[in-house]
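Tertiary structure, described
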Amino acid sequence: MESGQEIPALTDTAAEFLSLIGLKELEHCLFAETLAVVGTGDPPRDKAEGQWWMAAQWAPYRREGEPVWNCILVQARFRGWQDGVPRSSTLKAFVTPQLETLEQEEQECLELTPHPTAKSTHMVSHQHGMTVTKTLQEGEAEPQCQSFSYRQDELRGLLLEGASLLLLRVLARRHTVPPGLIFPAIDTEGHLCTSSYSALGIQRQAVGSAETEVFVMEQAMHTSTGVSTVWQSSFLPNGRLVQMTQVGSPTLMLLQDESILSNSGGFEPQLPFPKEPLNWEEDIQLCSWFLDRKALLLQQPHDPISFAAEFFTHQRPMDTPFASSGSASPLPSSPPDHRPANGE
């Protein structure tokens, strides 16, 4: 069935960000990492209750009757507990270097006794848009399937889960998140929604018995019903995760291997204000200063020092805030053995 939902818009900031991601930048984001799943209660947090794993690597993507795509294969696995029940989930996504998803499959299983529950969501893009197929299997009952499609014009800038994990690594390595970074997304029910990203700054967090600086980001998924799911993640300067948790969840994913810190790099200090480009041609005062001295730049005298001294003797001083400050000039106004023209 066709979707009749309101189309979430891709912000200009997000569109520009996607266009500026380069292959070399993505190369640094292709690695595997493992976090322990622990409770959010009081320390110690060294008792793992499960494991979270993620990997990204180049891989071919094949479709019948189409050329082979060179894509990034993003995979993730989770195993832990939910309300005392074993829970596991997997993710497999084929993502282009522009973070477009060609195909993605998510599976989740609650090992309830005696009737385990398994859910899967399969999404595949095609020339007309994207088809979403949801399947629910409860115990021995017949699987319940639901399939629907989105048009191509509804999916501009769509960022699914696998691509989002890659995006977080890119942002972490840049140590900054541009304001207004909002993408269209698809929630766990398969409905169109928006996903926003923001920076919470640099903080210090524990890794085993050590402590290190991390860059913390927040990702929020906003559904059409008004319900938001918020994730907070902290990263080392090289893009590796230190901690990830869903706000309100009793568990979090935590890095416990201190050896990862030895090659993590460092954060560069961020300016409190942005750099402004200097366009001297549009600045009347700067342009005047340049033209006054253009003759010196265009000539090639035999004795540059004498020529410069004579040239600047006839130039009026720059009208700068320092001219009346009473501070001594770093350069002498005349040679030490030359008396001023007024005879004083």
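Because the structure is predicted, anything quoted here is derived from the model rather than measured. (Residues numbered from 1 in each chain as written. Predicted model: local features only at pLDDT ≥ 70, side-chain atom pairs only at ≥ 80, totals over all residues. Heavy atoms only, no water.)

**Thoughts on unusual backbone geometry**
Residue Pro 114 follows Thr 113 across a cis peptide bond; omega there is 5°. Summarising the element assignment, Pro 114 is placed in the loop between β5 (101-110) and β6 (117-126). One non-glycine residue with positive phi stands out, namely Leu 99, at about 65°. Looking at the element boundaries, Leu 99 is found in the loop between β4 (85-95) and β5. Judged by relative accessible area, which is 1%, Leu 99 ranks as buried. The phi dihedral of His 175 falls on the positive side, at around 65°, and the residue is not glycine. Positionally, His 175 belongs in the loop between α3 (161-174) and β9 (181-186). (Helix = DSSP H or I, 4+ residues; strand = E, 2+ residues; numbered from the N terminus. Buried < 20%, exposed > 50% of the residue type's maximum accessible area, 1.4 Å probe, protein only.)

**Things to note about the environment of Gly 180**
With respect to the helices, strands and loops of the structure, Gly 180 is situated in the loop between α3 and β9. A relative accessible area of 38% means that Gly 180 is categorised as partly exposed. In this structure, Gly 180 is in contact with Thr 11, Thr 13 and Ala 14, ignoring residues within four places of it in sequence. (Contact = heavy atoms within 4.5 Å.)

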